[in-house]
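Observations on the three-dimensional arrangement
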Amino acid sequence: MAARLVKTGVSVGMPELRRRDAGAIRRTRQILLIEDEAVAGQTLSQSLQGLGMACRWVSTFEEALVVWKEMSYDAVITDIMLDTGKPDGLEILRKIEQAGMPSPVVVISAFADQTRVKEALNHGAAYLLEKPFSTSDLKRVLERLWEEPKGLIGARERALNQATLTNKECEVARLLLKGLSTQEMARLTGNSEKTLKQHISTIYEKCGVSSRTEFFHYIFPT
C-alpha cells in the first residue's frame, strides 16, 4: 500500500508527491541578469535566488550575447547603460528582437531618459524599472508578465495580418498599443505628425474602428 501523508484532512499518495516535486523543479524560473555594477548585480542576483528563481548574472554586453543563446530564459533583466558608457542594453534588446526570442525583457535604469525609454519599448522591452527599486517591486513586475497570456503577441500579430496592414502600418499599430502619443510615435519613426495621423486613420479604417480604445479591443477582444 502506498504511504500517505495526512494533514488537515487531505490524503496525498507518494507518487503524487513525487510528481508535484518534479513539477516544482520544472517550474523554477530562469533569469538572465545583465548588470555591470558588482554590488548591484550581486545583490539583485541573490534577491532573485531568494525568491526561488535561478539567476545567471553577467556584467558585459559580450557575455550577454553568448549566454542568452545557451538556453531559454523566462526573463531578461538588463541595465540600459553598461560599463562602456553606451546604451548597450538597447543593443541587447535589438539582438533579442532580431532572434525572435520569446523572453520578456525588463529594463532597469538609474535615471529617467525618455528617449531611451521609448526606444526600449519600441524594441520589445516589456517593462522599465527606475533605480532604486525593491525586490518586491521586481517580483511584482515579473509575476505580472508571467501571468499574462503567453499568446498575446501572437494574437496581436495575427490580428494585424488579418487587417492586411502594411509593414509601416504594423509598426505604427504596435506603438499605438503601447500607449504612445502621436508626437512620440512621430519622433520614434522619423515621420511627421501629419503622416502618423494618416497612418492611424488608415489603420482604423482597415480594422473597422474609430478610436484607440476600439482598436485595442479589436486586437485583444474580451
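The following paragraphs examine the structure supplied in this document. None of these values were measured; they are calculated from a predicted model. (Residues numbered from 1 in each chain as written. Predicted model: local features only at pLDDT ≥ 70, side-chain atom pairs only at ≥ 80, totals over all residues. Heavy atoms only, no water.)

**Details of the pattern of salt bridges**
- Within the structure shown, the criterion is met by four salt bridges.
- For Arg29, the salt bridge is made with Asp74, and the minimal N-O distance between the two is 3.5 Å. Note that Arg29 is positioned in the loop between α1 (14–26) and β3 (30–34) and Asp74 in the loop between α3 (61–67) and β5 (75–79), a separation of 45 residues in sequence. (Salt bridge = Lys/Arg side-chain N within 4 Å of Asp/Glu carboxyl O. Helix = DSSP H or I, 4+ residues; strand = E, 2+ residues; numbered from the N terminus.)

**What about the nonpolar core?**
- Ranked by size, the top nonpolar core spans 22 residues in total, and within it Met185, Ile203 and Phe215 carry the most contacts.
- Among the elements of the structure, α7 (152–162), α8 (167–177), α9 (182–189), α10 (193–207) and α11 (212–219) are those that each provide at least two residues to this core.
- Among the elements that take part in this core, α8 stands out by supplying six residues, more than any other.
- Residues contacting Ile203, with those up to four places away along its chain left out, are Leu165, Glu169, Val172, Ala173, Leu176 and Phe215. (Core = buried A, V, L, I, M, F, W, Y, C linked by side-chain atoms within 4.5 Å. Buried < 20%, exposed > 50% of the residue type's maximum accessible area, 1.4 Å probe, protein only. Contact = heavy atoms within 4.5 Å.)

**A short note on the pairing of β3**
- Counting buried positions along β3 yields four of five residues, so the element is predominantly enclosed.
- Pairing of β3 with strand β4 (residues 54–58) involves five bridges; the strand directions are parallel. Considered in β4, the bridge of Gln30 is made with Ala54.
- Since β3 and β4 lie parallel, the crossover through helix α2 (residues 38–50) that links them has a hand, and here it is right-handed.
- Taken together, the four bridges between β3 and β5 define a ladder with parallel strand orientation. Within β5, the position partnered with Leu32 by the bridge is Val76. (Pairing = 2+ DSSP bridges. Right-handed = clockwise from strand over helix to strand, strands pointing away.)

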